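Now for the letters of each chain:
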Amino acid sequence: METYDALLASITPDAGETRTIFDPATGTVVGAAPVHTVQDLEQAIAAAEAAQPAWAALGHDARSTALLRAADAVERSAEELARLLSREQGKPLNGPNARFEVGACAAWLRAAAGTPLDPETVVDDGETRAELHYRPIGVVGAIGPWNWPMMITIWQLAPALRMGNAVVVKPSEYTPLSVLALAKVINEELPDGLLSVVSGGRDVGEALAGHPAIGKVMFTGSTATGKAIIKSSADTVKRLTLELGGNDAGIVLPDADPKAIAEGLFWGAFINTGQTCAALKRLYVHTDIYDAVCEELTAVAAAMPMGVGLDETNVLGPLQNKQQYDVVARLVEAARESGARILLGGNPDADRPGHFYPATLVADIDNTNPLVAEEQFGPALPIVRYGTVDEAVTMANALDVGLGASVWSADAVAARNVAARLEAGTVWINKHGAVDPRIPFGGAKQSGYGLEFGVEGLKALGVPQVING
Ligand code: NAD
């Protein structure tokens, strides 16, 4: 018996093709997800089109009230959702993981409900009065990844619903149960047809991105898929918000205190066992404190328990899927073969069930090494030595992605000066990856375009309309 049994049963299809979902920590069966087709997508879009006008007509206040009720519903089912998420995604209940993710779902729903968005008077000079309004788009498509399946779905659907749109969600094939369960809970508070989940493969994603009735696609996933979506959406000139891959750099300035920053560096890199878009994925440390930072970070990382998600003691879990495990293993092996020094980890236990790769720190590594230059998206952090800040900034900016970055220093002014030189959508100081529903978030370069969160995030889910009289 599991707390989520009834919830899981409510999303398990009685008939039709299903996909068996396995727990990445144990290999045991979690449940069966529907395999929806393009025809199911058509039905979901038709239902969304039918439900959207009445929802839009409710106005901001009534829609916000419904979103607040949805946040309460998520909180009422929080433990069931967190446990199901933990089994399907692999992330532990504790630490910045499953319970944290479900808590974030409620927080982002409330933030989308509570952010004011009033028409803006652009010109009012006695002759011309021009106002900027935001009208609903219609039906929004939301395509998401497997690393933070619930939270990212909420990031996409909460502002969309608040702005008067209907939403059709296409979750990752790896984590459909989490998204289906979340939508089931939220739908207790929403009109029929307004929000649906089409749990299909990439063919369904492609059809959604090209569908003439979809006015906007919110996409979070890899840069390669983002490019495919740009192409599929071109013929219908869809609006897009693209949150794509990253390979975030962190720069530790020579005045930083290695002991004081070690835990922040660790969680910046290893949150969700490294499977986080805006995690710290390349660390640049000044040569004067290089050894001390390596030592402190190793001590913190070595003490973090990794294991099955439902075990309350763990804070690190498995990789979600074998494909990602293989990427991490390949990159660490390439680093080892190149002569880099493995400070910790790097030797997965082949007999252990599940996709566990140990927390791995790699020192004395060249900036062009694949473990540095490619997005590893897992629990392996390369630590690159630098001599001058100019050199560190050049290395940090050398890639074609720029989601986040961080600067670590005791001197706030020095840190801000370096931050301003980094080509990234967000630069954190003395932390990495902290997202906040009040603060806009989005990528630079090939990490995507468009902003989520805050009032900017709401505006991105509306069609700007100027009324000029
Ligand atoms: P992915 O691109 O493989 O898949 C994401 C989604 O796109 C899935 O639902 C998939 O079915 C769908 N899809 C695949 N091909 C498609 C197509 N041609 N048309 C439409 N949809 C299609 O990404 P993933 O492996 O699930 O996620 C990991 C990646 O996501 C990493 O690169 C990570 O950095 C990135 N990510 C970015 C953010 C961010 O906010 N920038 C957040 C989380 C993850």
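Residues numbered from 1 in each chain as written. Predicted model: local features only at pLDDT ≥ 70, side-chain atom pairs only at ≥ 80, totals over all residues. Heavy atoms only, no water.

(A) Up close: the domain arrangement of the chain. Splitting the chain by domain gives domain 1 (4-244 + 447-468) and domain 2 (248-429). The centre of domain 1, based on its C-alpha atoms, is set 30 Å off from the matching centre of domain 2. Contact between domain 1 and domain 2 buries roughly 2,300 Å² in total, counting both sides, with carbon and sulfur atoms accounting for 57%. Remark: the boundary between domain 1 and domain 2 carries 1 salt bridge. Across the pair Glu312 and Arg99 runs a salt bridge whose closest N-O atoms are separated by 2.9 Å. The interface formed by domain 1 and domain 2 contains 14 residue pairs in polar contact (both at pLDDT 80 or more). A per-element tally of the side of domain 1 that touches domain 2 places helix H3 (residues 78-89) first, with 5 residues. Its residues assigned to classes, the side of domain 1 that touches domain 2 shows 9 nonpolar, 11 polar and 6 charged. (Domains from an automatic or database assignment. Buried area = accessible area lost by both parts, 1.4 Å probe. Salt bridge = Lys/Arg side-chain N within 4 Å of Asp/Glu carboxyl O. Polar contact = N/O pair within 3.5 Å; in protein donor to acceptor, adjacent residues only side chain to side chain. Helix = DSSP H or I, 4+ residues; strand = E, 2+ residues; numbered from the N terminus. Nonpolar A, V, L, I, M, F, W, Y, C, P; charged D, E, K, R; others polar.)

(B) Layout of the pattern of salt bridges. In this structure the tally under the stated criterion is 26 salt bridges. The partner of Asp23 in a salt bridge is Arg87, with the nearest N and O atoms 3.0 Å apart. Note that Asp23 is positioned in the loop between strand E1 (18-22) and strand E2 (29-34) and Arg87 in helix H3, a separation of 64 residues in sequence. Residue Asp23 is classed as buried on the basis of its relative accessible area, which comes to 6%. Given the relative accessible area of 14%, Arg87 is considered buried. Between Glu131 and Arg129 there is a salt bridge, with the nearest N and O atoms lying 2.6 Å from each other. The structure contains a network of salt bridges with shared partners spanning Glu2, Glu79, Arg83, Arg99 and Glu312. (Buried < 20%, exposed > 50% of the residue type's maximum accessible area, 1.4 Å probe, protein only.)

(C) Quick look at the environment of Leu451. Structurally, the position occupied by Leu451 is in the loop between strand E19 (448-449) and helix H15 (454-459). Among the residues examined, Leu451 registers a relative accessible area of 35% and is labelled partly exposed. Put simply, Leu451 and Val384 are 67 residues apart on the chain and 31 Å apart in space, counted from C-alpha to C-alpha. The contacts of Leu451, once residues within four sequence positions are left out, are Pro440, Phe441, Gly442, Glu456, Gly457 and Ala460. (Contact = heavy atoms within 4.5 Å.)

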